[in-house]
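# Examination of the molecular architecture
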Amino acid sequence: MFISAAYAATEEAAHGSMFTDPAFWVAVAFILFFALIVYLKVPGKLLSQLDARADRIRNELEEAKRLREEAQALYAEYQRKAEEAQQEAENIVAHAKEESARLAEKMRADLEASLERRKAQAEQKIAQAEQQAIDEVRNRAVDIASAAAASILREEMKGDAGQALIDNAISGIGKHLH
């Protein structure tokens, strides 16, 4: 563009005044515009704004990276905790199974012992009932035998002497048989 302005200025000089040519004034305005921009330090300000924006973006990226790393660390920690909780749950279930098996075995052993005790008690009661029945039968047989002997002796021994002998013998038989 400068070249075209310079070229136009040389042609104007050849043909007339350059101050009347609009291309000259465009070139002057263009140069003044850039000089004003440089004088006001617009490129420096623009670069500082771009640098500030780049720094802000860099900081945001670093913050995002830090947050991502924190999130990954938290995720790894939560995974570890979840695995620990899973392992603990499995341990609890295994312990509960062992405990229930142990309790079932203890209950089975207690039931068997209880059944054995009840069986022994029942056998003891049966033996006592048998002994009591035998004693009752024996006592009844003694009473019947005593009564039969008394009846026979009364028939054969009549009188007071016979009666005293019979009574003495009958009372002695009962003591010896029991």
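A brief report on the enclosed structure follows.

Before going further, it helps to spend a moment on the packing of aromatic side chains. Going through the model one piece at a time under the given rule, you end up with five aromatic pairs. Taking 6.3 Å as the distance between ring centres and 40° as the angle between the ring planes, the aromatic pair formed by phenylalanine 19 and tryptophan 25 counts as tilted. Geometrically, the ring pair formed by phenylalanine 30 and phenylalanine 34 is edge-to-face, given 4.5 Å between the ring centres and 80° between the ring planes. Of this pair, phenylalanine 30 and phenylalanine 34 both sit in helix α2 (residues 22-39), four residues apart, roughly one helical turn.

The next thing to look at is the pattern of salt bridges. Per the stated rule, a full pass over the model turns up ten salt bridges. With a shortest N-O distance of 2.5 Å, aspartate 55 and arginine 58 are connected by a salt bridge. Of this pair, aspartate 55 and arginine 58 are both found in helix α3 (residues 42-156), three residues apart, which corresponds to roughly one turn of the helix. Taking relative accessible area as the criterion, arginine 58 reaches 42% and is therefore assigned partly exposed.

Cut-offs and rules
Residues numbered from 1 in each chain as written. Predicted model: local features only at pLDDT ≥ 70, side-chain atom pairs only at ≥ 80, totals over all residues. Heavy atoms only, no water. Phe/Tyr/Trp six-rings, centres within 6.5 Å; stacked < 30°, edge-to-face > 60°. Helix = DSSP H or I, 4+ residues; strand = E, 2+ residues; numbered from the N terminus. Salt bridge = Lys/Arg side-chain N within 4 Å of Asp/Glu carboxyl O. Buried < 20%, exposed > 50% of the residue type's maximum accessible area, 1.4 Å probe, protein only.

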